[in-house]
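Structural description and commentary
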Amino acid sequence: MSDRLHQIVDLLVAAVIAGTSTFIWSYVLPTGLALTLAGMFAAMYYFSRNPWGSTRGEAYNEWIDDLYDRYLP
């Protein structure tokens, strides 16, 4: 159950990243480009939880998992 909860929180964090990035980028870029960049940032966070070739990816994931374990049931 905790893996599912962690994945849901990962999705929520990615959604917050996408929303805030869209809001910020829309001040200086056209809306379509702001949405594209925000989607890329959200995807970068979400897929970084499953690192592809990163040398420190596992360390970051362990840190995020420890943070989730501390604050989530």
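Criteria and cut-off values
Residues numbered from 1 in each chain as written. Predicted model: local features only at pLDDT ≥ 70, side-chain atom pairs only at ≥ 80, totals over all residues. Heavy atoms only, no water. Core = buried A, V, L, I, M, F, W, Y, C linked by side-chain atoms within 4.5 Å. Buried < 20%, exposed > 50% of the residue type's maximum accessible area, 1.4 Å probe, protein only. Helix = DSSP H or I, 4+ residues; strand = E, 2+ residues; numbered from the N terminus. Contact = heavy atoms within 4.5 Å. UniProt positions renumbered as here; feature names shortened; annotations may be inferred. Phe/Tyr/Trp six-rings, centres within 6.5 Å; stacked < 30°, edge-to-face > 60°. Patch = residues over 30% accessible without salt bridge, like charges linked within 9 Å, V, L, I, M, F, W, Y side chains within 5 Å. Areas by Shrake-Rupley, 256 points an atom, 1.4 Å probe, with all protein chains shown as cover. Salt bridge = Lys/Arg side-chain N within 4 Å of Asp/Glu carboxyl O.

1. Side note on the nonpolar core
In a soluble, globular protein the nonpolar side chains are often hidden away together inside. Counting seven residues, the largest nonpolar core is built from V9, A14, A42, Y45, Y46, I64 and Y68. The set of elements that each furnish at least two residues to this core consists of α1 (2-25), α2 (31-48) and α3 (57-71). For this core, the element with the most residues is α2, which contributes three residues. If near-sequence neighbours (up to four positions away) are discounted, A14 is found in contact with A42, Y45 and Y46.

2. Overview of the UniProt feature "transmembrane region" (unreviewed entry) in the protein chain
Per the UniProt record, "transmembrane region" (unreviewed entry) is found at residues 31-48. Between the end C-alpha atoms of residues 31-48 there is a gap of 25 Å, over a span that is 100% helix and 0% strand.

3. With respect to the packing of aromatic side chains
Counting across every chain of the model gives one aromatic pair. Pairing F23 with Y27 gives two aromatic rings, centres 5.3 Å apart and planes at 80°, and the pair type is edge-to-face. Judged by its relative accessible area of 52%, F23 falls in the exposed class.

4. Here we look at the side chain of T22
The residue T22 is located in helix α1 in this model. When its relative accessible area of 18% is taken as the criterion, T22 is described as buried.

5. Observations concerning the environment of M40
Mapping M40 onto the fold places it in helix α2. Separated by 23 residues in the primary sequence, M40 and I17 place their C-alpha atoms 9.8 Å from one another.

6. Notes on a nonpolar patch on the surface
The grouping of F23, I24, W25, Y27 and V28 at the surface amounts to a nonpolar patch, some 590 Å² of accessible area in total. Of note, Y27 is situated in the loop between α1 and α2. Given a relative accessible area of 63%, Y27 falls into the exposed group.

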